[in-house]
Amino acid sequence: MDQARTTISKIFNGEPRSYTRFNLTQNMEGESSQVEMKLSSDMDEEEGNGVGDHLNHNGGSRDHYVVRKTSRTPKNLCFLLTTTLIIFIIGYLIGYLVHRKKEVADDCPAFLPSDQTVSEDEKVHVFETGAAPLMDWDVVKSLLAQKLSTENMENTFGEFASSSHQAGSPGDEALGNRVLQQFRSAGLVTWTDEHFVTLQQLPEGSTNRLAFKGKELGTPTGFLAYSRPGNLTGALVFASYGQVMDLKLLQDKGFSLEGKILLVKTGKISFAEKVANAAQFKASAVLLFPDSTQNIGYDTQLYGHVHLGSGDPYTPGFPSFNHTQFPPVQSSGLPRILAQTITSSMAAQILRDLGGVAVPTEWGGLHSLGSSDDIVTLEVNNVLVQKRINNVFGLIKGFVDPDRYVVLGAQRDAWGPGFAQSTVGTSVLTELARSISAMMAEDGLKPRRSIVFASWSAGEYGSVGATEWLEGYLTSLSMKAFSYISLDGVVTGGGGFKASASPLMYKLLQSTLKEVTMGSSNTIYSKVAKSNWEVSVLEPMRMDDGAYPFLTTSGIPSISFRFTANSEAYPFFGTLLDTREKLSSETSGQAARLAVSAGQVAGLMTLRLVHDHLLRLDVDQYLTVLSVHVNNINRRFYNVQKMDPSPLPKDMSIQWLMSARGSFARASRGLANDIQNSDLNDVGVCRSINDRIMQVERDFLSPYVSPRETPFRHILVGSAPHTLQALWAHLDSLKSRLPEADSDDFRVKFALATWTIQGCANGMAGNVWSIDNEI
């Protein structure tokens, strides 16, 4: 209004008071009744006729409207009418431009850097407004199938294949620039996210060393990032896969692991978990060698990391931005012991000469466990280095809820060629960006919500790039990013299909597998589901999964999946043999076709999430998972109480937890009733219901533990003593009267878990007056 008033004042020669007159009626004497609109704000100098005074007294406009009788000729009347019309048009245009500028600024993603520039072409393509009518779902499926082709995928493989693109290297940066260019070519809004992170690598011109019984076994070029550096000598013990159950078995057989160097096979659990378990049993170091099932060659070097966490371990809970000062702190997940990988050849020499008793029959019984004479000398020379890394993003903007988005991400870096680890996922990511953008430009697709495509760096070091992004924009992502789909390692074989996911996404995955074919007319579901699809397809999400920090740290419903061999895992991850040729051999030359199928799985899940009015996230599935945990705790509690109640806290009842589960069940039913009785075509109503669905995953993050000390805060799928699964173990410890079992500590963790579940139920109920307080 101020701008319009200024413009009007200028038109009328800057006079402080002006009147615009237009004809109302003609009286009997031939005079015209005129209305004069006074634009002055000098209220106390003008005598009003009652109309202007009435408006001002009621808090209305400060402009006065004065009715007078005057006589004007038709010529003057036309001039005044024309002038009035021009003034109106100018005022309207000024108001529209101001409003439009604000609208575009408000609709930009919160995590888009303030200095990010957007081209005019991108603005036209992405910031289009208007209704988003539902396209027939069969048409959507058909269009995506048409856009994704084996030929395009093969070409994209060639675009991103690289022999060297370790995190923070020139090769990594070059690939990031190619991804950025691909996003821009597809018409996406693009930006990058820069971090300065602490990584670990071998010193230039030096290696680590290993000797057994005084004999040098070689200088391994593979290494384990974030191992504690140093030198030590100690007796060696074979410890199978290094699981807690393996180490307890050794203890039960009379082996003291304190100060020992453990020889451990790869597989079953992550490298970081193996080293953490060894440290828990007071071992001094861990040597990791390839399991015989890997069949990767006698002298193949292994690479990995041993940080029991994700992100930069030297900025735990904080983003690694260059301009931010952090206290000198380290992640609690950094190992306190040495760790090193060795080749199958080195392991064979050690196993052949081990003394002591034979290994347990359940471990094969083919060699000895080791004795005090089996001395190993280990030297780890890893050094910390500061690296600049860049995450690369592309955005497709939604038409109804543009500030709600699903994220598709793929790791870009690798220890070596990393074809299956990173190249295939990056290719699927960019092909999906191109295909969905083309569906909008050529076929009229209008997604309701936005899609963010992300290319992460430093994934090999424990999802460093992705976790730093989550930490840097936690408040921006809260209640806006409603799903994450990981494309890391989506093709490792051709015979089977495996997935790890939040329970909220189980049904979405199931329906998608029924819509995507696998090399023939048969769908993936019909080929892999068997009698129980959840048992055949789903597996627990591991800590080294690229989707894990999204789910357990940020509470974003997440999923990862892969086409795999029927029997064995892909053996070349973490080696320099992860090449295009090796993957082609593992998939019988069908890597590109399988990548297209993977793109259809990820693409259809994404489009379902941004296409439908209601988010395809199934809250009832969490009720099933929660009930399993609660029933297990209930059963263990009463078993202990029945046998010997003395270890349990006095006057403690399990009823609290049962009541919280009941609250969750009632809130779930209430949400289902609200959905059934609501008009989902009402944008506000639909958004409100979707927000309640989105909130469920985040509310399972315990608010009672520190994000810095305990980053994986999810009480159902996280990893720490606060989880429901840890409460099972605590009850078992109380039952066995182990020294570390503390009944008061159990009571506290039990109460906090109970209130986390109740809080989740309260959030799902919606308004505060709808909350069930029966607990």
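Scroll up a little and you will see the structure.
Residues numbered from 1 in each chain as written. Predicted model: local features only at pLDDT ≥ 70, side-chain atom pairs only at ≥ 80, totals over all residues. Heavy atoms only, no water.

### Some words on the overall build of the chain
The condition that has to hold: Put simply, DSSP marks the helices as runs of H or I at least four residues long and the strands as runs of E at least two long, and each gets a number from the N terminus on. Throughout, exposure labels follow a simple rule: accessible area from a 1.4 Å probe, protein chains only, divided by the maximum for the residue type, with under 20% read as buried, over 50% as exposed, and the rest as partly exposed. Here a residue-residue contact requires only that any non-hydrogen atoms of the pair lie within 4.5 Å.
What the chain contains, in helices and strands, is 24 helices and 19 strands. Within the span of the chain, comprising 775 residues, buried residues form 55% of the whole. The contacts in the chain between residues at least 6 apart in sequence include a share of 78% that link residues at least 24 apart.

### Let's talk about helix H20 (residues 619–643)
Our working definition: By definition here, a helix of n residues has an expected span of 1.5 Å times n minus one. What qualifies as a polar contact is a pair of N or O atoms within 3.5 Å, subject to a donor-acceptor requirement within protein and to the restriction that residues adjacent in sequence count only when both atoms come from side chains.
Counted at 1.5 Å a residue, the expected span for H20 with its 25 residues is 36 Å, and the 37 Å between its end C-alpha atoms agrees. The backbone nitrogen of Asp620 lies 3.3 Å from a side-chain oxygen of the residue at the head of H20, namely Asp618.

### Structural notes on the pattern of salt bridges
Rules: One speaks of a salt bridge when a side-chain nitrogen belonging to Lys or Arg is within 4 Å of a carboxyl oxygen belonging to Asp or Glu.
This model, assessed by the stated rule, comprises 25 salt bridges. Between Arg608 and Asp612 there is a salt bridge, and its shortest N-O distance comes to 3.0 Å. Each member of the pair, Arg608 as well as Asp612, carries the same accessibility label: buried. Taking the shortest distance from any N to any O, the salt bridge between Glu709 and Arg708 comes out at 3.1 Å. Residue classification places Glu709 among the partly exposed positions, given a relative accessible area of 39%.

### Quick look at the packing of aromatic side chains
Short version of the rule: Only centres within 6.5 Å qualify two rings of Phe, Tyr or Trp (six-membered ring in Trp) as a pair; their planes then separate them into stacked at under 30 degrees, edge-to-face at over 60, and tilted for everything else.
In this structure the tally under the stated criterion is 27 aromatic pairs. Between Trp191 and Phe393 the ring centres are 5.1 Å apart and the planes differ by 10°, which places this aromatic pair in the stacked class. Taken together, the positions of Trp191 in strand S4 (residues 189–201) and Phe393 in strand S14 (residues 383–396) put the pair 202 residues apart, joining distant regions of the chain. Of the two residues, Trp191 and Phe393, both sit in the buried class. Between the aromatic rings of Tyr570 and Phe572, the centroid separation amounts to 5.5 Å while the plane-to-plane angle is 75°, which identifies the pairing as edge-to-face.

### Some thoughts on the pairing of strand S12 (residues 338–341)
The test is simple: For two strands to pair, DSSP has to find at least two bridges joining them.
Every second residue of S12 is oriented toward a common face, with Leu338 and Gln340 on one face and Ala339 and Thr341 on the other, all of them buried. Taken together, the four bridges between strand S10 (residues 285–289) and S12 define a ladder with parallel strand orientation. Looking across to S12, one finds that Leu287 is bridged to Gln340.

### Some points on the packing of H20 against helix H23 (residues 724–736)
Stated precisely, the cut-off is as follows: For every element, the axis is a line fit to its C-alpha atoms; helices are fit only across the contacting stretch, and the angle between N-to-C directions ranges from 0 to 180 degrees. Roughly parallel refers to an angle under 35 degrees, roughly antiparallel to one over 145, roughly perpendicular to one between 65 and 115, and oblique to any angle outside these ranges.
Where H20 meets H23, the closest approach of the two axes is 10 Å, and the angle between their N-to-C directions is 10°. On the basis of their axis angle, the class for H20 and H23 is roughly parallel. Residues Leu626, His629, Asn632, Ile633, Arg636, Phe637, Val640 and Met643 of H20 touch H23, and the partners they reach there are Leu724, Gln725, Leu727, Trp728, Leu731, Asp732 and Lys735.

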